[in-house]
Amino acid sequence: METLRVLVADDELGMRLGVARTLRDFTVRVPDVNGDVGFQVEQAENGEQALERIAQQAPDILLLDHKMPGISGLEVLDVVRQNPGDMLVIMITAYASIETAVTATKLGAYDFLAKPVAPDVLRNTIRKAASRLILGKQARKLAEEKRQVRFQFIRVLGHELKAPLAAVEGYLHM
C-alpha cells in the first residue's frame, strides 16, 4: 500500500485534529492501478511553519487555510506555485467567496472547500486528489518505460542492420 503525505496548515487546532481523525484509517482504492493508498497526516500551525515543512520535504497534498496569522494561505500558495512539483493544494476557509476561490484557482489550487467541512466531503476531495496523484505518477512511469523501449528498439535495430549493410557494401565494392 502506498502512503501519501498530507500537510494540514491551519491555525485552528480543532480543524487540524479533525482532518487527522478523518484521514487516520482512510484508504483509497485506485482502480486503474489496482492499489490502495493510505495517508500520513502532518500539521502546521501557520503559513511560516507550512513553508518550512514544504522546504524540508514537500507533501503530496497540502490542505491550506486561507486566513492565518502571519502569512496567509494565498501567500503560501503563491510561494508554492513558484516551485512546481506534484503537490496538490486544497484551500479550506471559513471566508469562502467566489472571488477567493477564483484567486486560489488562478494561483494553482486544485480544489476549494468552505468550512466547516463535513468528513465525507473531505474524504471525497482527498480521494479525487489521491487518484490524480497516483495516476499522474503512473503516467510518468509509463512514459519513461516507453522512452526506454524506444531507445532499446533503435539500438537493437541498428545492431541488426550492420550485418546486411556490410554485405551490401561488400558486393558494391566488388
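Residue positions are counted from 1 within each chain, in the order its sequence is given. Since the coordinates come from a predicted model, pLDDT governs what is reported: local features require at least 70, and pairs of side-chain atoms require 80 or more to be given and counted, while whole-chain, interface and lining totals use all residues. Note that the side-chain values use all heavy atoms of the structure and ignore hydrogens as well as water.

Some thoughts on the overall build of the protein chain
Per the convention used, a helix needs a DSSP run of H or I reaching at least four residues, while a strand needs a run of E reaching at least two, with both numbered from the N terminus. Counting its secondary structure elements, the protein chain contains 5 helices and 6 strands. Reading the protein chain from its N terminus to its C terminus gives the helix and strand order β-α-β-β-α-β-α-β-α-β-α. Across its three principal directions, the C-alpha atoms of the protein chain cover 85 × 30 × 30 Å. Classification of the 174 residues of the protein chain by burial places 37% in the buried group. Look at the contacts in the protein chain between residues 6 or more apart in sequence, and 66% of them connect residues 24 or more apart. The Shrake-Rupley method, run with a 1.4 Å probe, gives the accessible areas here. Residue values count only the displayed protein chains as cover. Accessible surface computed for the protein chain: about 10700 Å², of which carbon and sulfur atoms make up 55%. Three exposure classes are used, based on accessible area relative to the maximum for each residue type with a 1.4 Å probe and protein chains only: buried under 20%, partly exposed in between, and exposed over 50%. The contact criterion used is simple: two residues touch if any of their non-hydrogen atoms lie within 4.5 Å.

Side note on the pattern of salt bridges
By definition, a salt bridge exists where a carboxyl oxygen of Asp or Glu is found within 4 Å of a side-chain nitrogen of Lys or Arg. As enumerated under the stated definition, the model contains 11 salt bridges in all. Its salt-bridge partner being Glu2, residue Lys137 comes within 3.1 Å of it at the nearest N-O pair. You can see Lys137 sitting in helix H5 (residues 119-173) and its partner Glu2 sitting in strand E1 (residues 2-9), a full 135 residues away along the chain. Classification of Lys137 as partly exposed rests on a relative accessible area of 30%.

Some words on the pairing of strand E6 (residues 111-114)
The criterion for strand pairing is that DSSP finds at least two bridges linking the strands in question. Pairing of strand E5 (residues 88-93) with E6 involves 4 bridges; the strand directions are parallel. Paired with Ile90 across the two strands is Asp111, which belongs to E6.

Description of the sheet that holds strand E3 (residues 35-44)
The strand order E2-E3-E1-E4-E5-E6 describes an open sheet built from 6 strands, whose pairing is mixed. Each edge of the sheet is formed by a strand with only one pairing partner; in this case those strands are strand E2 (28-30) and E6. Averaged over neighbouring strand pairs, the angle between their axes works out to 25° when direction is ignored. Strand contacts of helix H1 (residues 13-23): E1, E3, strand E4 (61-65) and E5, with the helix running at about 165° to E3, the strand carrying the most contacts. Strands E1, E3 and E4 of the sheet are contacted by helix H2 (residues 47-56), whose axis makes an angle of about 135° with E3. Where helices are involved, their axes are fitted lines through C-alpha atoms of the stretch in contact, as for all axes, and angles between N-to-C directions lie from 0 to 180°.

Regarding a nonpolar patch on the surface
On the surface, Phe153, Ile154, Leu157, Leu161 and Leu165 cluster together to form a nonpolar patch covering roughly 500 Å² of accessible area. Position of Leu165 among the secondary structure elements: in helix H5. For patch detection, residues must exceed 30% relative accessible area and be free of salt bridges, and they are connected within 9 Å for like charges or within 5 Å for nonpolar side chains (Val, Leu, Ile, Met, Phe, Trp, Tyr).

Brief notes about the confidence of the model for the protein chain
The predictor reports its confidence for every residue as pLDDT, a score running from 0 up to 100. Of the residues in the protein chain, 98% reach a pLDDT of 70 or more, and the chain-wide mean stands at 84. Mean pLDDT in the protein chain bottoms out at helix H4 (residues 98-106), which sits at 79, and peaks at E4, which reaches 91.

Here's the deal with H2
Turning to H2, its buried residues number three or more, namely Gly47, Ala50 and Ile54. The buried side chains of H2 occupy one side of the element, clustering within an arc of 55° when seen end-on. For H2, the exposed residues set more than 90 degrees away from the buried face come down to Glu52, Ala55 and Gln56. Those residues of H2 hidden inside the fold are in contact with E1, E3, E4 and helix H3 (73-81). The opening residue of H2 is Asn46, an N-cap whose side-chain oxygen sits 3.3 Å from the backbone nitrogen of Glu48. Arc, as used here, means the arc of the directions from the helix axis to the C-beta atoms. Between N or O atoms, a polar contact is any pair within 3.5 Å; within protein, one atom must be a potential hydrogen donor and the other a potential acceptor, and residues adjacent in sequence are included only when both atoms are from side chains.

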